[in-house]
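What the coordinates show
Single-letter residue listing:
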Amino acid sequence: PRPEPALYALTNDLPEHLKFLVCHEGVHQFLHKSGAKGTEWWPAWYAEGLCDHLATECLLADRGGSTKAPILLDDRAHLVRELVLRDRALSLAQLLHVDFNSVEAERPMYAQAWSFFRMLASEADKLASLTRRIQATADPPGKGAERQVAGARAVASALEAVYGPLPALEARWIERAKAARSA
């Protein structure tokens, strides 16, 4: 992302957490208004991870040459690391199917989705392939929870087709989280 002068003028004095939220929610709105296929059945980890990833890129682009990670991102990296080290993190199978609205503690869910999506995004070609596969997926049948479950399964299948076996992918994610010192 590049800072547009008008947007920068509006957000320059905002705290980083608010900038992050504006970018995150802006991505949701853009996807909804642009008619992006599947947003109504994407699993939470993908939808929220995507929005958090792009909001992260906005924060990082707005650092003005600073090499220090924004506090919000540093906190997220440390939260996921602590969850993993204390064996409190969701398994990948759980993360791929969890409904963020059904849990009390949203912060760990968002942090884990962010961490996992950031790992996926570190391989841009694979992430682009995953996105294409998801966009090519037929709308799952059913309504409500039934449709969400079918969508989560379809995205998990696409994820495995692009990134390889899920247990190996989970092991990479856990090792990356353990090694995290900052965003």
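Structure first, text after, so check above.
First, a word on scope: everything that follows refers to the structure included in this document. Counting starts from 1 at the beginning of each chain's written sequence and moves along it residue by residue. Local features in this predicted model are restricted to residues of pLDDT 70 or higher, and side-chain atom pairs are both shown and tallied only at a pLDDT of 80 or more, whereas totals for entire chains, interfaces and linings draw on every residue. Side-chain measures were taken over the full set of non-hydrogen atoms in the model, leaving aside hydrogen atoms and water.

Where helices and strands are cited, they refer to DSSP runs of H or I of at least four residues and of E of at least two residues respectively, numbered from the N terminus. Within the protein one finds nine helices and zero strands. Taken over C-alpha atoms, the radius of gyration is set against a globule rule of 2.2 Å times the number of residues to the power 0.38. In terms of C-alpha radius of gyration, the protein reaches 16 Å, essentially the compact-globule figure of 16 Å for 183 residues. In the protein, the proportion of contacts linking residues at least 24 apart, taken out of those at least 6 apart, comes to 77%. Carbon and sulfur atoms make up 55% of the accessible area of the protein, which amounts to about 10,200 Å² in all. Between the centroid of the 22 positive side chains of the protein and the centroid of its 23 negative side chains there is a distance of 3 Å. By the convention used here, residues are in contact when the closest approach between their heavy atoms is within 4.5 Å. In these tables, accessible area is a Shrake-Rupley quantity obtained with a 1.4 Å probe, and a residue counts as shielded only by the protein chains included in the view. Under the counting rule used here, the positive set is Lys and Arg, the negative set is Asp and Glu, and His together with the chain ends is not counted. Charge positions come from single atoms, namely NZ of Lys, CZ of Arg, CG of Asp or CD of Glu.

Between Lys or Arg on one side and Asp or Glu on the other, a salt bridge is scored when a side-chain nitrogen of the former is within 4 Å of a carboxyl oxygen of the latter. Throughout the structure, instances matching the rule amount to ten salt bridges. Lys37 is the partner of Asp139 in a salt bridge, and the nearest nitrogen-oxygen pair spans 3.9 Å. With Asp139 in the loop between α7 (124–136) and α8 (144–163) and Lys37 in the loop between α2 (16–34) and α3 (44–61), this pair connects stretches of sequence that are 102 residues apart. In this structure Lys37 comes out as partly exposed when scored by relative accessible area, which is 30%. The salt bridge partner of Glu57 is Arg118, with a shortest N-O separation of 2.6 Å. Placement of Glu57 in helix α3 and of Arg118 in helix α6 (residues 106–121) is noted, with a sequence separation of 61 residues between them. The cut-offs for exposure are 20% and 50% of the maximum accessible area for each residue type, with area from a 1.4 Å probe on protein chains only; residues under the lower value are buried, those over the upper are exposed, and the others partly exposed. Of the residues examined, Glu57 reaches a relative accessible area of 25% and is grouped as partly exposed. Taking relative accessible area as the criterion, Arg118 reaches 15% and is therefore assigned buried. Beyond isolated ion pairs, a larger network of salt bridges with shared partners links Lys37, Glu40, Asp139 and Arg147.

Glancing now at unusual backbone geometry. For Asp87, which is not glycine, the phi torsion reads 60° and is therefore positive. If you trace the backbone, Asp87 turns up in the loop between α4 (71–85) and α5 (92–97). By relative accessible area, which is 69% here, Asp87 ends up exposed.

Okay, α7 next. Taking 1.5 Å per residue, 13 residues should reach 18 Å; α7 reaches 18 Å between its end C-alpha atoms and fits that length. Considered for burial, the residues of α7 that qualify are Leu127, Leu130 and Ile134. Buried residues of α7, viewed axially, fall in a sector of 60°; they line one side. Away from the buried face of α7 by more than 90 degrees, exposed residues Asp125, Arg132 and Ala136 are located. Along its buried surface, α7 packs onto α3, α6 and α8. An expected span of 1.5 Å times one less than the residue number is assigned to each helix. To be clear, the arc concerns the directions from the helix axis to the C-beta atoms.

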